Amino acid sequence: MSLASPSTGRRLPTQWLGVAPFFLFAFLFLILPALSIVVGAFRGPEGGFTLANVAGLNTPNIRNAYWVSIRVSFWSALLGCLVGFAMSAAVVFGGLPRFIRSPLLTFSGVASNFAGLPLAFAFIATLGPAGLITVWLRNDFGINLRGATGFNLFSTTGLIVTYLFFQVPLMILIITPALDGLRREWREAAEMLGATSLQYWRMVAFPILLPSLLGTFALLFANSFGAVATAFALAGPQLNIAPILLFSQIRGDVLGSPGLGYALALGMIVITGLANTLYLWLRSRTERWQK
Amino acid sequence: MAEPFLKIDHVRKTFGTTTVVQDFNLDVGSGEFISFLGPSGCGKTTVLRMVAGFEEPTSGSIVVGGKDVTRLRPNQRNIGMVFQAYALFPNLTVAQNIAFGLKVAGEPRADIEKRVAEMLDLIKLQQFGDRYPYQLSGGQQQRVALARALAPKPKLLLLDEPLSALDAKVRVSLRDEIRAIQKELGITTVFVTHDQEEALSISDRIVVMYGGKAEQVGTPFEIYNRPATKFVANFVGTLNVLEGTVTDAASGRVKVGSGEVLLKDKLNGSKAGDTVSLALRPEAISLGRQPGRETTLGGEISEVSFLGSVIRVRVGLGQEAVSLDTFNSPASPPPAVGDKAEISFSPDDVLVLH
Amino acid sequence: MKRFFAWSAFLLGSLIFILPLIGMTEFSLSMRRGEYSFDAYASVLSDPQFRQTFTYSVVMALVTIVFGILLVVPTAYWVRLRMPHLRPIVEFITLMPLVIPAIVIVFGYIRLYNTSSWLPLTGTSTGTNILLMFGYTALALPYMYRAVDTGLRSIDIATLTEAAQSLGAGWVTIFGRVILPNVFVAVLSGAFLTFAIVIGEFTLAALLNRPAFGPYLQLVGANKAYEPSALAVISFVITWLCMGLIQIVVRLAPKPPAQSH
Ligand SMILES: Nc1ncnc2c1ncn2[C@@H]1O[C@H](COP(=O)(O)OP(=O)(O)OP(=O)(O)O)[C@@H](O)[C@H]1O
Ligand SMILES: [Mg+2]
């Protein structure tokens, strides 16, 4: 392939010309904005380096906002993984008719992109105070959803349930190919060697799937951690989670200090970044057996 | 044969409305090496999977070591199996793969280690215990798969085309290795292949399958030299088929082209005027006259292929043509195309295909 | 037994999707007391603000798609053909938007490109529109890049390029006549995904103060009862159409010849 031959020093600049627009775009509209937040978080009102902004995050209100966000993201990611895995496994291994598979994947493609405000509207129409299920339970069974179970759509529990609408299909989309990749011979070889189904899953299938599972979990976590619109439409600006707090801060400086706003945003990057670093680290530990 | 170790008795298997295996019977003696040989789709794998327990026979029974296992789950059968390819657990090292069956059986650690070392010795991969499957060649992977299947000391070993994904050289050396290990352990073995040379070279007996049925069961010698059906004759080895017309059934006279063949009592059931197919292996035909090969036919050489130690010659006999092999001899040049030639064979070697 | 569990898992899981869809549809039809009607839809569709914001978002989506294609396709092509060593970096960059929340990115935009900065994009509405378009491109980058890169993998771009060059084609011709048609399906998939993402996007548009469909949805949601459901149904149909179109395009497309690699 003469085209891919190593370039001479003279040709180097033209080589780079081909990717220059991309790197320029990425620098100006992805990397620089993120960096500017980082810089802003460590700069005082007069300029100059300070840790005051980051230290300022340590108030009950902001701590609570982060903590609620982490909990919501963690649970919606975990439940999303579990439910998505169960559905995908049912379709791949459970002997469901083959014709279910393709519509499920198409539907998952749609549902995983159906987020934001319309999703909140759909859930309000279903589980909100006047929603379909709420009314149905009250009229036909005399059950007051909120009174009987303590369920409130406009709380963090409601948020978790709502997020499942896009978390579950995202999991299905990612994990189905991974489940397809489990070879029939592995299961049969394990069975021939005397393993029970459980032993096969514990010793072979699960370790093989673990990298994909971890990766999906990290993705789902970040996915709900940064979600603003759904939460905003469900609970309004007063719901105390990190992205909504940041939203209000950008709109109206509710924290009373621009530097604190940057620190808040930095905290969000750090948390999703940590989730992904953790994933990469775990993956590198589990993937010794891969090329 | 004494009490068979593996008895497959009137087994049938249907998927939906298609019958894939019909009335399959087979007795395998203890320590015997049996091959299933047949074209693609003839049901070899299906029979093997029924023995393994992955498929349940529609009817019939399977007995292993005196015990009816027809309805037993695969993990309760204590049978070892080697798959076509890629069946090693990719997340486990070679040693862990071999230890798998012992580990799930809850064997003590020390015993497992000892047995794994033994198995690594057996397959001559002592240095490879800590490698992962992707770090091995295809042949090495299949040896590990064999060791893994043998580690829990199964009563029966099943191999489903274990060599078909390997290249030719490795295929030959590994098949000999499999046979040597099998003999050393004395384990009863069923080996599936669609490669006749493979089946002929390593089996005690061969089952030739076609369309879900066992066409013939016999030693490689019997299968090759005395095929029971036209299918077996055609499937195993190269065959020259000459069409002839019976002129005298009682004395066994058949007219082939312009010549005549005297088959004595081989024509039972035919009458004068019938057409019959006479089949001959290339090695049963000689170029020129040979003592003991008293039937001769005249023709003309139409093709000569030099294959090294052997020269394959094609001789036209009017409408028909036969291939035969002669040894290369450095002193005399091979025959030339267009030369007149005479072939000879013994009527005893002729297979009459009805 | 296994089948029973499989069906249970599948059906119970499906409720998470099916119930909200039924809920929103039912609710959107219930504006008139005691009977089903399309009143909520009529109300939405006759709202001039709906038409304005929707049009704005459609135009934004189309512009984003064109810009995204012009940015991503040459890059992915060039990286595959000439600079494969850059792939890990480029892939890392394209995945960044999945990790850095959109709200943080737009916060950075506001800090960097405000009226008193070196590049005061937010000073004019055109500038802000362009900034929003860049933001959308960034959000869609992971999907667009993946789609195009997968498409490029299935054709032998080196050979195609050499063939075109040997016929005397210049880079513009190679790109427009040879590469683009061959990854057309992949590009379209990326385009529809981009459309689905941009059309209802809220955070960027709201924080940059643009009259887009997302903020309008929020406004209606806060003030009306039945219209939000109607809008949810409409949004869902649009998303569904985008995904359905991807499927159709992929299925109708002629299969590229098998490659030996
Ligand atoms: N699960 C199944 N459902 C339906 N038909 C099947 C199933 N398994 C096998 N068959 C059919 O049964 C026939 C025999 O298949 P089998 O796999 O036993 O053939 P084989 O002799 O092993 O062939 P090969 O040499 O190609 O491996 C084939 O026609 C196949 O299509
Ligand atoms: Mg087979």
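Please refer to the structure placed before this passage.
Residues numbered from 1 in each chain as written. Chains lettered and ligands numbered in written order. Predicted model: local features only at pLDDT ≥ 70, side-chain atom pairs only at ≥ 80, totals over all residues. Heavy atoms only, no water.

A. Representation of the overall build of chain B in the model. Tallying secondary structure elements over chain B gives eight helices and 20 strands in all. Across its three principal directions, the C-alpha atoms of chain B cover 75 × 50 × 35 Å. Looking at chain B residue by residue over its 354 residues, the buried ones come to 50%. Relative to all contacts within chain B whose residues are 6 or more apart in sequence, the contacts with residues 24 or more apart total 65%. Of the accessible surface of chain B, which amounts to about 16,300 Å², a share of 49% is contributed by carbon and sulfur atoms. Side chains of chain B give 39 positive and 41 negative charges; the mean places of these two sets differ by 4 Å. (Helix = DSSP H or I, 4+ residues; strand = E, 2+ residues; numbered from the N terminus. Buried < 20%, exposed > 50% of the residue type's maximum accessible area, 1.4 Å probe, protein only. Contact = heavy atoms within 4.5 Å. Areas by Shrake-Rupley, 256 points an atom, 1.4 Å probe, with all protein chains shown as cover. Lys, Arg positive; Asp, Glu negative; His and termini not counted. Charge placed at Lys NZ, Arg CZ, Asp CG, Glu CD.)

B. Up close: unusual backbone geometry. Even without a glycine there, the phi angle at Asn 78 of chain B is positive, about 55°. In this structure, Asn 78 of chain B sits in the loop between β5 (67–68) and β6 (79–82). The phi angle at Asn 209 of chain C is positive, at roughly 60°, despite the residue not being glycine. Residue position: Asn 209 of chain C is located in the loop between α10 (203–207) and α11 (213–223). Take Asn 209 of chain C: its relative accessible area is 59%, and that puts it in the exposed class.

C. Structural view of the site of ligand 1. Residue and element names in this part refer to chain B. For ligand 1, the full set of nearby residues is Phe 15, Val 20, Pro 39, Ser 40, Gly 41, Cys 42, Gly 43, Lys 44, Thr 45, Thr 46, Glu 161 and His 194. Contact distances for ligand 1 include 2.4 Å between an oxygen atom and a side-chain N or O atom of Ser 40. Between ligand 1 and the protein, one listed contact pairs an oxygen atom with a backbone N or O atom of Gly 43 at 3.0 Å. Contact with the protein chains covers 57% of the free accessible surface of ligand 1, which is 640 Å². Looking at the shell around ligand 1 element by element, the count peaks at three residues for helix α1 (residues 44–52). A per-class count over the shell around ligand 1 returns four nonpolar, six polar and two charged. (Near = heavy atom within 4 Å. Polar contact = N/O pair within 3.5 Å; in protein donor to acceptor, adjacent residues only side chain to side chain. Nonpolar A, V, L, I, M, F, W, Y, C, P; charged D, E, K, R; others polar.)

D. Local environment of the packing of aromatic side chains. A full pass over the atoms with the stated rule returns 45 aromatic pairs over all chains. Ring plane angle 90° and centroid distance 5.8 Å describe the contact between Phe 29 of chain A and Tyr 109 of chain C, whose orientation is recorded as edge-to-face. A residue pair is termed interchain when its members come from two chains, as with Phe 29 of chain A in helix α2 (residues 20–41) and Tyr 109 of chain C in helix α5 (residues 102–112). Each ring, one from Tyr 210 of chain B and one from Phe 231 of chain B, has its centre 4.0 Å from the other, and the planes form 20°; the classification is stacked. Within this pair, whereas Tyr 210 of chain B is found in strand β9 (residues 205–210), its partner Phe 231 of chain B is found in helix α8 (residues 230–235), the two being separated by 21 residues in sequence. Since its relative accessible area comes to 19%, Phe 231 of chain B is described here as buried. Here a set of aromatic residues connected by ring pairs shows up, and it is made of Phe 107, Phe 114, Phe 123 and Phe 165 of chain A together with Phe 17, Phe 236 and Trp 240 of chain C. Note that Arg 187 of chain A overlies the ring of Phe 93 of chain A, its terminal NZ or CZ placed 5.4 Å from the centroid. Geometry around Tyr 262 of chain A places Arg 111 of chain C over its ring, the cationic atom sitting 4.6 Å from the centre. (Phe/Tyr/Trp six-rings, centres within 6.5 Å; stacked < 30°, edge-to-face > 60°. Lys NZ or Arg CZ within 6 Å of the ring centre and 35° of its normal.)

E. Geometry of helix α11 (residues 197–225) of chain A. Spanning 29 residues, α11 of chain A covers only 36 Å between terminal C-alpha atoms, well under the ideal 42 Å at 1.5 Å per step. Of all the bends in α11 of chain A, the greatest, near 50°, is centred on Phe 206 of chain A, and the proline Pro 207 of chain A appears no more than four residues after it. (Expected span 1.5 Å × (residues − 1). Bend = angle between axes of the 7 residues up to and from the residue.)

F. Molecular detail of the arrangement of the chains. Out of two pairs of chains that touch, the pair holding the most contacts is chains A and C. A gap remains between chain B and chain C, with no contact made and the closest C-alpha atoms lying 15 Å from each other.

Read these as layout, nothing more, since geometry by itself doesn't imply function.
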